[in-house]
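Letter by letter, the chains look like this.
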Amino acid sequence: MTKVLALVGSLRADSINRKLVEAVQAQAPEGVTIEIAQGLGEIPFYNEDIDGDAAPAAAQALRDQVAAADRLLFVVPEYNGSTPAVVANAIDWASRPFGAGSIKDKPTAVVGTAVGQYGGQWSHQDTRKSAGVAGAKVVEDIELSHAYAWGSDPSQDAEIVAKFTEAVAKLAAAN
């Protein structure tokens, strides 16, 4: 089994990106399990003064979740043309200690959906860059930025869910 850890970039209870992950989770490719990272909103902003042996429990829990996963899938909306703070913070914590963090060499993909014509492309590009600098092995040929209109729910569209499921299958097969 390939274990994929999905880090959802929206903390909102009714997040469209979370709904998409849950839809894909329900029909994960054979041999793949998808776990949604828990507690991202409880992690304090990265601060080297509180890291180390006494790192906050929520930050250590994230590091443990990332370390236990075979692959990482960031499912990210776009906030003000960039990566949501919760995602940047998760990458910061998972990258430490720098060069040996739990994100190091972890095959990683960035996908997601956002309202508007570009579907979060800038956010996805920024997240790929940040994860790569942090040491992740970003799978560059997985690009899925789905644009949707206000009031619609892409997680209810079988064709869209199939595209996200295909991205997870590609991630699972990546080296």
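> How would you sum up the overall build of the protein chain? Please name residues and give values.
From N to C terminus, the protein chain includes five helices and five strands. Computed over its C-alpha atoms, the radius of gyration of the protein chain comes to 15 Å, within 12% of the 16 Å expected for a compact globule of 175 residues. Its C-alpha atoms give the protein chain principal-axis dimensions of about 45 × 35 × 25 Å. Among the 175 residues that make up the protein chain, the fraction classed as buried is 50%. In the protein chain, the proportion of contacts linking residues at least 24 apart, taken out of those at least 6 apart, comes to 79%. As displayed, the protein chain offers around 8500 Å² of accessible surface, 50% of which is attributable to carbon and sulfur atoms. Distance between charge centres in the protein chain, computed from 14 positive and 22 negative side chains, equals 3 Å.

> Mind laying out the pairing of strand β4 (residues 107-115), listing which residues take part and the relevant values?
Across a regular strand the side chains alternate sides, sitting on one face of the sheet and then on the other. Counting buried residues in β4 gives eight out of nine residues, a clear majority hidden from the surface. Note that strand β3 (residues 71-75) and β4 share four bridges and pair parallel. Bridge pairing in β4 links Leu72 to Thr108. Crossover connection from β3 via helix α3 (residues 85-94) to parallel β4: handedness right-handed. Where β4 meets strand β5 (residues 137-148), eight bridges bridge the pair, whose relative direction is parallel. Residue pairing for β5: Thr113 is matched across the bridge by His146. In the classification by handedness, the crossover that spans β4, the intervening helix α4 (residues 121-133) and the parallel β5 is right-handed.

> A description of unusual backbone geometry should follow, citing residues and the corresponding values.
Cis geometry marks the peptide bond from Arg96 to Pro97; its omega dihedral reads -5°. Within the element layout of this structure, Pro97 appears in the loop between α3 and β4. One non-glycine residue, Asp105, lies in positive phi territory at about 65°. For Asp105, the location among the structural elements is in the loop between α3 and β4.

> Any details on the packing of aromatic side chains? Residues and values, ideally.
When we look at a pair of aromatic rings, we describe it by the centre distance and by the angle of the planes. This model, assessed by the stated rule, comprises two aromatic pairs. Consider the rings of Tyr46 and Trp93, whose centres lie 4.7 Å apart with planes at 70°: the pair is edge-to-face. Of this pair, Tyr46 sits in the loop between β2 (32-36) and α2 (57-68) while Trp93 sits in helix α3; the two residues are 47 residues apart in sequence, bridging distant segments of the chain. The exposure class of Trp93 is buried, given its relative accessible area of 0%. Look at Tyr118 and Trp122: their rings are 6.4 Å apart centre to centre, the planes differ by 20°, and that puts the pair in the stacked class. Assessed through its relative accessible area of 46%, Tyr118 is described here as partly exposed.

> Account for the packing of helix α1 (residues 16-26) against helix α5 (residues 158-173), naming residues and giving values.
Packing of α1 against α5 brings their axes to within 9 Å, and their N-to-C directions diverge by 70°. The pairing of α1 with α5 is recorded here as roughly perpendicular in orientation. Between α1, through Leu20, Ala23 and Val24, and α5, the contact on the second element is made entirely by Ile160, Val161, Phe164, Thr165 and Val168.

> Break down α1 for me, with residues and values.
Helical geometry: 3.6 residues make up each α-helical turn, so side chains three or four residues apart lie on a common side. Regarding α1, the residues found buried are Ile16, Asn17, Leu20, Val21, Ala23 and Val24. In a view along the axis of α1, the buried residues occupy a sector of 160°, so they form one face of it. Lining the buried residues of α1 we find β1 (2-8), β2, β3, β4, β5 and α5. With a side-chain oxygen lying 3.2 Å from the backbone nitrogen of Asn17, the N-terminal cap of α1 falls on Ser15.

What counts as what
- Residues numbered from 1 in each chain as written.
- Predicted model: local features only at pLDDT ≥ 70, side-chain atom pairs only at ≥ 80, totals over all residues.
- Heavy atoms only, no water.
- Helix = DSSP H or I, 4+ residues; strand = E, 2+ residues; numbered from the N terminus.
- Rg over C-alpha atoms; globule rule 2.2 N^0.38 Å.
- Buried < 20%, exposed > 50% of the residue type's maximum accessible area, 1.4 Å probe, protein only.
- Contact = heavy atoms within 4.5 Å.
- Areas by Shrake-Rupley, 256 points an atom, 1.4 Å probe, with all protein chains shown as cover.
- Lys, Arg positive; Asp, Glu negative; His and termini not counted.
- Charge placed at Lys NZ, Arg CZ, Asp CG, Glu CD.
- Pairing = 2+ DSSP bridges.
- Right-handed = clockwise from strand over helix to strand, strands pointing away.
- Phe/Tyr/Trp six-rings, centres within 6.5 Å; stacked < 30°, edge-to-face > 60°.
- Axes fitted to C-alpha atoms, helices over the stretch in contact; angles between N-to-C directions.
- Parallel < 35°, antiparallel > 145°, perpendicular 65-115°, else oblique.
- Arc of directions from axis to C-beta.
- Polar contact = N/O pair within 3.5 Å; in protein donor to acceptor, adjacent residues only side chain to side chain.

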